[in-house]
Amino acid sequence: MAEQKIILSETKDGILYLTISREPKLNALNFNTLEELKNIFNEVNDNKSIRGVIITGAGEKAFVAGADINEISELNELNARKFAEFGQEVFEIVESCHKPVIAVVNGYALGGGCELAIACHMRIATTNAKFGQPEVNLGIIPGYGGTQRLTHLIGRTKATEILMTGDMLDVNEAQALGLLNHIEPNKEAAIAKAEEILKKIMSKAPLSIGMIVDCVNAVYASDENGYQIEANSFARCVKSEDYREGTKAFLEKRKPNFKGE
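Here's a quick rundown of the structure. What you see is a predicted model, and the numbers here were worked out from it, not measured in a lab.

## Let's talk about the overall build of the protein chain
Then, in step 1: A count of helices and strands for the protein chain gives 11 helices and 10 strands.
Then, in step 2: Compactness check: the protein chain gives a C-alpha radius of gyration of 19 Å against a globular reference of 18 Å for 261 residues, within 12% of the reference.
Then, in step 3: Overall, the protein chain is about 60 × 40 × 35 Å in size when its C-alpha atoms are taken along their principal axes.
Then, in step 4: Within the protein chain, the fraction of its 261 residues that count as buried is 45%.
Then, in step 5: Looking at the protein chain alone, contacts between residues at least 24 apart form 68% of all its contacts between residues at least 6 apart.
Then, in step 6: When the accessible surface of the protein chain is summed, it comes to about 13700 Å², and 52% of that surface belongs to carbon and sulfur atoms.
Then, in step 7: Taken as two groups, the 29 positive and 36 negative side-chain charges of the protein chain have centres that lie 6 Å from each other.

## Points about the environment of C215
Then, in step 1: Looking at the element boundaries, C215 is found in helix α9 (residues 206–218).
Then, in step 2: With relative accessibility at 17%, the residue C215 sits in the buried group.
Then, in step 3: It is 5.7 Å that separates the C-alpha atoms of C215 and E230, two residues lying 15 residues apart in sequence.
Then, in step 4: Each residue touching C215, except ones within four places of it in the same chain, is listed here: I229, E230 and S233.

## Observations concerning the packing of α9 against helix α10 (residues 226–238)
Then, in step 1: Axis separation between α9 and α10 bottoms out at 9 Å; the angle between their running directions is 175°. With respect to their mutual orientation, α9 and α10 come out roughly antiparallel. Contacts between α9 and α10 involve L207, S208, M211, D214, C215 and A218 from the first element and G226, I229, E230, S233, R236 and C237 from the second.
Then, in step 2: When its residues are assigned to classes, the contact of α9 with α10 shows 6 nonpolar, 3 polar and 3 charged.

About the thresholds
Residues numbered from 1 in each chain as written. Predicted model: local features only at pLDDT ≥ 70, side-chain atom pairs only at ≥ 80, totals over all residues. Heavy atoms only, no water. Helix = DSSP H or I, 4+ residues; strand = E, 2+ residues; numbered from the N terminus. Rg over C-alpha atoms; globule rule 2.2 N^0.38 Å. Buried < 20%, exposed > 50% of the residue type's maximum accessible area, 1.4 Å probe, protein only. Contact = heavy atoms within 4.5 Å. Areas by Shrake-Rupley, 256 points an atom, 1.4 Å probe, with all protein chains shown as cover. Lys, Arg positive; Asp, Glu negative; His and termini not counted. Charge placed at Lys NZ, Arg CZ, Asp CG, Glu CD. Axes fitted to C-alpha atoms, helices over the stretch in contact; angles between N-to-C directions. Parallel < 35°, antiparallel > 145°, perpendicular 65-115°, else oblique. Nonpolar A, V, L, I, M, F, W, Y, C, P; charged D, E, K, R; others polar.

Functional significance is not addressed by these values, which are geometric in nature.
Here it is as structure tokens:
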């Protein structure tokens, strides 16, 4: 995968490393960044050599410190709706990716940055990380799905408080609320932890991993019957060559060799 203009990318041992690189702007999301994310993740889904994704921000100060205020300040009602809908579309692609996506949150994850982090399947934070949705301070609200995902993740009462006050959470508060999988002392250790988790997942059947994404996401989709999706996904897995390999390997007391077929 070619290196992007704003999002730096590197693939190593089946893991795609993405770094949002607008460090002077604290990696704030602008339209071009979102467009690159969309293009990257559309490619990830079709690229069998990529088995997992790690997203982080350049430098030590911020994962993503929000959306680009220069772009937000020029919005009107018509293009604001399109602005929000495009961000929601991109983050839904991230959330629905059939490869595990881990956000390594270094420093500030605010506004659109917090929304990106909670669209990922898992989050590992450094001890200096801060989470928040401070949009009310600008006279707006989250527009990239933050009101929905944050409420799903931590519950209505606490999400309402965070969204209305614009207060930031430190890593201990974020973990206590269920936002984080792990806390690590620094970015290097956080990336190493993400790699450890991804390598374990990559030893499993790729089709099964993708089906888990669909089933977990169905829990939060009001128009989906999650139990039916689970049953359908189970049946699809049983149809696969990986199912035959997995059960055969178990009976033969050996490690399975999954091929994603």
